[in-house]
Amino acid sequence: MTDITRSIEHPSGSKRLKQARKLRREGRFEDALACLETSLRADPEALDLVAEQAALLLGLGRIDDAGAAVERLAALDPAQERLAELRGALADARNDPVAAEAFFRAEAGRRPDDLNWLKRWVRTLAKASRTEEAAAIVDEALARAPSEPKLLFERVALLRRLGRIDEARTATEAFAAVVRDDDPRLPELRGALAEADGDHAAAETIYAADCAARPDDAGGLRRWARALMRLSREEEALEALGRAQRAAPTKLFPDHVRLLCRLGRASDAQAELDRFAALSGRDRRLPALRAEVLEAAGDPAAAEAILRADAADEPRDAERRRRWARALVRLSRPLEALAAVDEGLRRDPDQIQLSATRVSLLVTLGRLDEARAELDRLEGSGVELPELARMRADLAGASGDLVQIEAATRAAVTADPADASKRVRWARALARLLRTVEALAAVEDGLAATPDAAELVGERALLLAGAGRVDEAAAELQRLAASRPSYEGLAEVRAGVASAAGDLEGAASILAAEVAAAPQSEKRRLRYVRALTRLGRYEQALSTLAAAPDPDTPRLKVTQANLLLTLGRWEEARGRMDGFAEDDARERLGRDLFELNLALMTMDYAGAQEQAESILTAAPANRTAAEGLAWANIGAMRPAAAWAALRKTPREAVDGGAATSGGGRLRSLTGQVVNELRLSGEALGELDARAGEGDEALAAAAAEQVRRDPNAFGPALGLIVACARSGRLGFRAEASDRGGPPKLLHQFWDGAEAPADVERCMAEARAANADRISRRWNDAAARRFLGSLSDWRVIRAYEAAPHVAMRADLFRYAALHEFGGAYLDADDACERPLTSLVPDGAELVLYQERLGSLGNNFIAAAAGHPLVARLLEEATENVLLGAGESIWLATGPGLVTRVIARAIVAEPDLRLPANVHVAPLDAFRRTVRAGAAKSYKSDARNWQKA
């Protein structure tokens, strides 16, 4: 018994009842209940005491005890005046708005002059997503009593819920005109309107002033704390909640616990939860809070067990069941979540919120037709669910249709323009369609209404960084850090801006600290892993994934498998994906994309085509799958099908403006290769037909076409692929006077200084190849060298080349022909010495790319090798003839593929010439990470952007 209870000596039941009601109004429910105990023991049939006990038990969340008290009251007096109110409140507490609405409607009809019953009725209607009906009832009542404050107050809340903000503002002023200036409801209404406008800073100012005027009002302090949280001012919110708890000890514990969880302070949250449990006993909110604390502590399985038991205790409680379902989804068990929701809907088919959860689960499971039908049913029923627009966006997102995603997220913003999160999702959808200018405009429109919205400021900084406007992005970041230093997304923005500025080390350090602060956060861990891969630190990225509390979640497994693919460790990658049977459609998509990538790398074009088409059936606008399908058809010598696939991929239009499916496709490498193959369409049709007879038949047919048209890329690619798959690219050494590649390492960067990540790659290459003499060339040195050659056409071609990548191609062939050695692109990183790729007796070493073609970012050759001379001769001629539309085809891997194909055709057994070695892709990737440095690739220095 509390001190307050002990201080009351033998008061009458009436006095105890008044004291209990006073304590209840202050939010001190346990003290109030204790006040009643003595009187109830003396007179257990006192109707007012039993009714008050039921109300207090409801306030404490002890639903079963409250139900027993209500039934006892009904048995004592079926006509007791509070019985209907308590039954309605009990139904409401059990999340049964239909039953609650029926109770309150009946009482409001029986007592038309009692506005409290009308208020309860309309609030229950709104809770049941029948807000339009509720607003109509209030309007009808206002027609009879236009100046009634209670009705005006309810009207404002309903109009705000319906999104009719201007009408709500007018109704607020009508309310202000009939109440006193210090009416405590005015700040609540005005703050809520400011929030509806998206002006959270103004709302916080209103609530702060209200709390200054009424420092002990728990409800006002709670509103202020929530406004502070929306502004990412968590420490101030904690202080406000602390004050509120002193005013109402048990009422605001849940807010305090949740905020501590949000801040990652799981141990503090647990301590606060223990205090709450000691005070409130069997409060119905306790299981959900315990689960939140366990989630924050990194134990989602224990959290799910608690929520499962909680749902079993109240099987008709839709909210408990939804919480359990969400916990199952977080554990990657969406099928069980769907079963739990379906069980709830069998008990009560009218639970709208459960139906909405079912739609989300069907989307997660990839059962999109069912999800669409369920969503159509919900929309057709006329229910008012604020999340309907978001669900449409999720449905579009699961389909992978970027255009639909943009349309759905735009609709969500139109329905709720003040919601910053929805606006960010729209902006990101636009950015994925390469419509960066529109994405920025969408964010800036939101900032015009709410200049200090942290989410929008952060997103603007990221968009500016992605667009290369680094100085503006840095200024926006500085503004965000100054105004919202505790914004939870600040680290992500800092890392994004640092990365755009070329400070990849700094970006990784920021994200590493984020992982250390919240090791259970999968999202933070994956962001850090992406930063490490941009630095080329794949082994560290793998270690970071392995160190996760649960490294076997579907997303982490897929990420690890893809990293292993990048490192050429294909068997390990396959093993990591063994037994991957994921119910979540988005996780299955990750697995399917992995399988597509592996099929392309192993030149299994039939398998790649099947995998890509399967992905595109479920996600028709998936860019990666569409491009993968294009490459599968390139490898299968089907240019028309490749072109059809390519047209579905969203690309930036050649002349700027909005991107559309297939827009600017000729600017991509894939588009250039497909277009080249279309020039040999009839010949490739023959290769497609012969491919069905096996690789030997394909090699013979492709060789014949190479003889007829030595400069055609399609037949050359077909021959290289067929030879690789049939074992004809095996190395054979023969005695030769030429010797192997000398111990030289050539690297080229046109400027005197390279970006930091390129410098790091070059340093790593020198360190890994310490047995070689390293020669770093820049533009000036290359010009001096090429100008000294006897063939003046080479320097002329170098000077005429339209892009630095083409000049680098010319230089590498000339340097290798003159000096021999190994050439490695400056942005490639070495894991092991290049000698590991050069077998004894080899005079020329190349490697086979993911596309089946032969790369030129690494070549090792003996000086004067005739095939390198051929590469230099043809590259020079192509540049001088103006063949600069496709660098890749004119002087890059496309040229290497054609030259080596002709060399194979010249051999009687259709094999590589003696002493020429083509390293397979997996072996190459175990030694070299191609394109590891990426900082310069977003601008015109990247040949694909030129």
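Above: the structure in question.
Since this is a predicted model, take the numbers as computed values, not measurements. (Residues numbered from 1 in each chain as written. Predicted model: local features only at pLDDT ≥ 70, side-chain atom pairs only at ≥ 80, totals over all residues. Heavy atoms only, no water.)

Caption draft 1: Region of the structure containing the overall build of the protein. Within the protein, the regular secondary structure consists of 51 helices and ten strands. Along the first, second and third principal axes, the C-alpha atoms of the protein reach 115 × 55 × 50 Å. Pairs at least 24 apart in sequence give 59% of the contacts found in the protein among residues at least 6 apart. Total accessible area on the protein stands at roughly 39,500 Å², and carbon and sulfur atoms take up 50% of it. For the protein, the distance from the average site of its 134 positive side-chain charges to the average site of its 147 negative ones is 2 Å. (Helix = DSSP H or I, 4+ residues; strand = E, 2+ residues; numbered from the N terminus. Contact = heavy atoms within 4.5 Å. Areas by Shrake-Rupley, 256 points an atom, 1.4 Å probe, with all protein chains shown as cover. Lys, Arg positive; Asp, Glu negative; His and termini not counted. Charge placed at Lys NZ, Arg CZ, Asp CG, Glu CD.)

Caption draft 2: Local environment of the pattern of salt bridges. Tallied over the entire structure, the rule returns 78 salt bridges. In this structure, the salt-bridge partner of arginine 180 is aspartate 182, at a minimum N-O distance of 2.9 Å. The partner of glutamate 514 in a salt bridge is arginine 524, with the nearest N and O atoms 3.5 Å apart. Taken together, the positions of glutamate 514 in helix α31 (residues 504-517) and arginine 524 in helix α32 (residues 522-534) put the pair ten residues apart, joining distant regions of the chain. With relative accessibility at 22%, the residue arginine 524 sits in the partly exposed group. Connected via shared salt-bridge partners are Glu52, Arg82, Glu85 and Arg120. (Salt bridge = Lys/Arg side-chain N within 4 Å of Asp/Glu carboxyl O. Buried < 20%, exposed > 50% of the residue type's maximum accessible area, 1.4 Å probe, protein only.)

Caption draft 3: Inspection of the sheet that holds strand β5 (residues 821-824) at higher detail. Sheet architecture is open: six strands sit in the order β4-β3-β5-β8-β7-β9, paired in mixed fashion. Each of the sheet's edge strands pairs with one partner strand only, and the pair in question is β4 (773-777) and β9 (916-919). Along the sheet, successive strands turn relative to each other by an average axial angle of 20 degrees, direction set aside. Where strand β3 (residues 744-748) meets β5, two bridges bridge the pair, whose relative direction is parallel. Counted as the bridge partner of leucine 745 is alanine 822 from β5. (Pairing = 2+ DSSP bridges. Axes fitted to C-alpha atoms, helices over the stretch in contact; angles between N-to-C directions.)

None of this, on its own, says anything about what the molecule does.
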